[in-house]
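Analysis of the macromolecular model
One-letter residues, chain by chain:
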Amino acid sequence: MRVCVYASSSPKTSPAFVAQGRRLGRLLAERGHVLINGGGKYGGMGALNEGCRAAGGVIECVIHEMFVVDEGEFEGSDRLIVCQGDDLGERKRALVERCDVIIVLPGGLGTLDEMLDAAALSQLGMPNARPVVAVNIDGYYDFTLKQLERARQEGLLSKNPADILATAPDGYA
């Protein structure tokens, strides 16, 4: 299976989130899955890549050209896809098109944007929609899930939130 993982890229990422990233990378490699991600070398994303590489896994990184110049990219990928554009739209499409499923670890605005964009594809029934699973480490996504439930209660979602954004409990990754 080809698994895309969204995660933080900040060197200030919580040690708990980094540890789960490393563990998930190792598990994906051990189970023979291809890891696809944004290509960062720091934070949850960097740990994910390190864990996968240490376990002999295959890594494909999809990175925007603006991040290649700052030496923040993971250098041990099996394939590096560099996207262009005035925004991150091409990169988000490239990530989704290359995978079978999306797993989301804690992250900042970029991770939230990617996660909600992928959930919106599912909500709208788009042909390129993929299953999306948020790993709710230390309750990180509790408020996001509450917001989606509120949207459902207000009639703003046509599907149950769990049908567009599944969750895995802390430590499941």
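The shown structure was predicted, so the numbers you read here are calculated from the model rather than taken from an experiment. (Residues numbered from 1 in each chain as written. Predicted model: local features only at pLDDT ≥ 70, side-chain atom pairs only at ≥ 80, totals over all residues. Heavy atoms only, no water.)

**Regarding the overall build of the protein chain**
Counted only if it meets this: Helix and strand labels come from DSSP, where a helix needs a run of H or I of at least four residues and a strand needs a run of E of at least two; each type is numbered from the N terminus. Only the C-alpha atoms count toward the radius of gyration. The rule for a globule is 2.2 Å times the residue count to the power 0.38. Accessible area is worked out with a 1.4 Å probe on protein chains only. A residue is then buried under 20% of its type maximum, exposed over 50%, and partly exposed in between. Contacts are residue-level and defined by heavy atoms, with any inter-residue pair within 4.5 Å sufficient. Accessible surface area values rest on a Shrake-Rupley calculation with a 1.4 Å probe, where residue burial reflects the displayed protein chains alone. Here the positive residues are Lys and Arg and the negative ones are Asp and Glu; neither His nor the chain ends is included. Charged side chains are reduced to one point each, which is NZ for Lys, CZ for Arg, CG for Asp and CD for Glu.
Summing up its helical and strand segments, the protein chain has seven helices and seven strands in all. The N-to-C order of helical and strand elements in the protein chain reads β-α-β-α-β-α-β-α-β-α-β-α-α-β. For a compact globule of 173 residues, the expected C-alpha radius of gyration is about 16 Å, and the protein chain comes in at 15 Å, within 12% of that figure. With the C-alpha coordinates aligned to their principal axes, the bounding extent of the protein chain is approximately 45 × 35 × 30 Å. Going through the 173 residues of the protein chain one by one, you find that 47% of them count as buried. Partitioning the contacts of the protein chain with sequence separation of at least 6, the portion at a separation of at least 24 is 68%. About 8,700 Å² of surface is accessible on the protein chain, with carbon and sulfur atoms providing 52% of the total. Counting 18 positive and 23 negative side-chain charges, the protein chain places the averaged centre of each group 4 Å from the other.

**Focus: the nonpolar core**
Rules: To define a nonpolar core, start from buried Ala, Val, Leu, Ile, Met, Phe, Trp, Tyr and Cys residues and group those joined through side-chain atoms within 4.5 Å.
Core analysis: the biggest nonpolar cluster contains 24 residues, and Tyr-6, Ile-102 and Val-104 have the highest contact counts within it. For this core, the secondary structure elements donating two or more residues are β1 (2–6), β2 (34–37), β4 (79–83), α4 (89–97), β5 (101–104), α5 (109–124), β6 (132–136) and α6 (142–153). Among the nonpolar cores identified, the runner-up in size contains 20 residues, and Val-3, Ala-7, Ile-59 and Val-101 belong to it.

**Brief notes about unusual backbone geometry**
For Asp-138, which is not glycine, the phi torsion reads 50 degrees and is therefore positive. If you trace the backbone, Asp-138 turns up in the loop between β6 and α6. According to the relative accessible area criterion, Asp-138 is exposed, its value standing at 55%.

**A closer look at the sheet that holds β1**
Note: strands within a sheet are paired through backbone hydrogen bonds, in either parallel or antiparallel orientation. Note the following rule: A strand pair is defined by DSSP finding two or more bridges across the two strands. Axes here mean lines fitted to C-alpha atoms, for a helix over just the part in contact, with angles spanning 0 to 180 degrees between N-to-C directions.
If you trace the seven strands from one edge of the open sheet to the other, you get β4-β3-β2-β1-β5-β6-β7, paired in parallel fashion. Among the strands making up the open sheet, the edge pair consists of β4 and β7 (166–169). Strand-to-strand twist of the sheet, defined as the mean angle between neighbouring strand axes without regard to direction, takes the value 25 degrees. Looking at chain direction, β1 and β5 are connected through four bridges and run parallel. Bridge pairing links Val-5 to Ile-103 in β5. Here helix α2 (residues 43–54) sits on the sheet and contacts β1, β2 and β3 (58–64); the angle it forms with β2, its principal contact strand, is near 160 degrees.

**A word on the side chain of Lys-92**
Convention followed: In protein, a polar contact means a hydrogen-donor-capable atom and an acceptor-capable atom, both N or O and within 3.5 Å, with residues adjacent in sequence counting only if both atoms are side-chain atoms; elsewhere, any N or O pair within 3.5 Å suffices.
Inspection of the secondary structure puts Lys-92 in helix α4. For Lys-92, the side chain forms a polar contact with the side chain of Asp-113, separated by 2.9 Å. Contacts of Lys-92, omitting those with residues within four sequence positions, involve Asp-113, Glu-114 and Asp-117.

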